[in-house]
Amino acid sequence: QLQLVESGGGLVQPGGSLRLSCAASGSIFSIYGMGWYRQAPGKQRELVASITKGGTTMYADSVKGRFAISRDNAKNTVYLQMNSLKPEDTAVYYCNALLSRMVAGVITEYWGQGTQVAVSS
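Looking now at the state of the cysteines. In a disulfide, the sulfur atoms of two cysteines are held together by a covalent bond. Enumeration over the complete set of coordinates arrives at one disulfide. Two residues share a disulfide in this structure: Cys22 and Cys95, whose sulfurs sit 2.1 Å from each other. Taking the sign of the torsion about the S-S bond as the criterion, the disulfide between Cys22 and Cys95, at about -80°, is left-handed. Here the residue Cys22 occupies a position in strand β3 (residues 18-25), and Cys95 occupies one in strand β9 (residues 91-100), the gap between them amounting to 73 residues. Among the residues examined, Cys22 registers a relative accessible area of 0% and is labelled buried.

Below, the structure is given as structure tokens:
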């Protein structure tokens, strides 16, 4: 059973920081892209940041300079360091991974269950 398990969400005051983690477990051959998405109430899910296996990163304009994505390939884990948080960052954050489960296997997209981030005073 392959799972993406997120942790690190919570309530934080504006200007504060949080670090999200997402660990992939199960039968995995290789993880290619990993990323974080978020969905606020009444809004569509949006890409926050992504990172390739080689470490190339991409960020949404709204989080550039405040958030940093990283990954530990040995641990099949991706992180999102969120600094200078704003109320508009409030959302459920979802981990995403593109991976194959065997040599020459199909690349499939997997999602975590989501973790709530609330930014409020």
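So much for the structure itself; the text now carries on.
The pairing of strand β1 (residues 3-7) with β3 spans five bridges and is antiparallel. Counted as the bridge partner of Glu6 is Cys22 from β3. Here β3 pairs with strand β8 (residues 77-82) via six bridges, running antiparallel. Directly across from Arg19, in β8, lies its bridge partner Gln81.

Evaluation of the coordinates by the stated rule reveals one aromatic pair. With a centroid separation of 4.9 Å and 65° between ring planes, the pair formed by Tyr37 and Trp111 is classed as edge-to-face. With Tyr37 in strand β4 (residues 30-39) and Trp111 in strand β10 (residues 108-111), this pair connects stretches of sequence that are 74 residues apart. The lysine or arginine in question, Arg45, covers the ring of Tyr94, its NZ or CZ lying 3.7 Å from the ring centre.

As a further point, take the nonpolar core. Of all hydrophobic cores here, the largest spans 31 residues; its most connected members are Trp36, Leu80, Met82 and Tyr93. No other element matches the five residues that β9 contributes to this core. If we skip the residues at most four places from it in the chain, Tyr93 touches Glu6, Leu20, Trp36, Tyr37, Arg38, Val48, Phe67, Leu80, Met82, Gly114, Thr115 and Val117.

Criteria and cut-off values
Residues numbered from 1 in each chain as written. Predicted model: local features only at pLDDT ≥ 70, side-chain atom pairs only at ≥ 80, totals over all residues. Heavy atoms only, no water. Disulfide = S-S within 2.5 Å. Helix = DSSP H or I, 4+ residues; strand = E, 2+ residues; numbered from the N terminus. Buried < 20%, exposed > 50% of the residue type's maximum accessible area, 1.4 Å probe, protein only. Pairing = 2+ DSSP bridges. Phe/Tyr/Trp six-rings, centres within 6.5 Å; stacked < 30°, edge-to-face > 60°. Lys NZ or Arg CZ within 6 Å of the ring centre and 35° of its normal. Core = buried A, V, L, I, M, F, W, Y, C linked by side-chain atoms within 4.5 Å. Contact = heavy atoms within 4.5 Å.

Function cannot be inferred from these measures alone, as they are strictly geometric.
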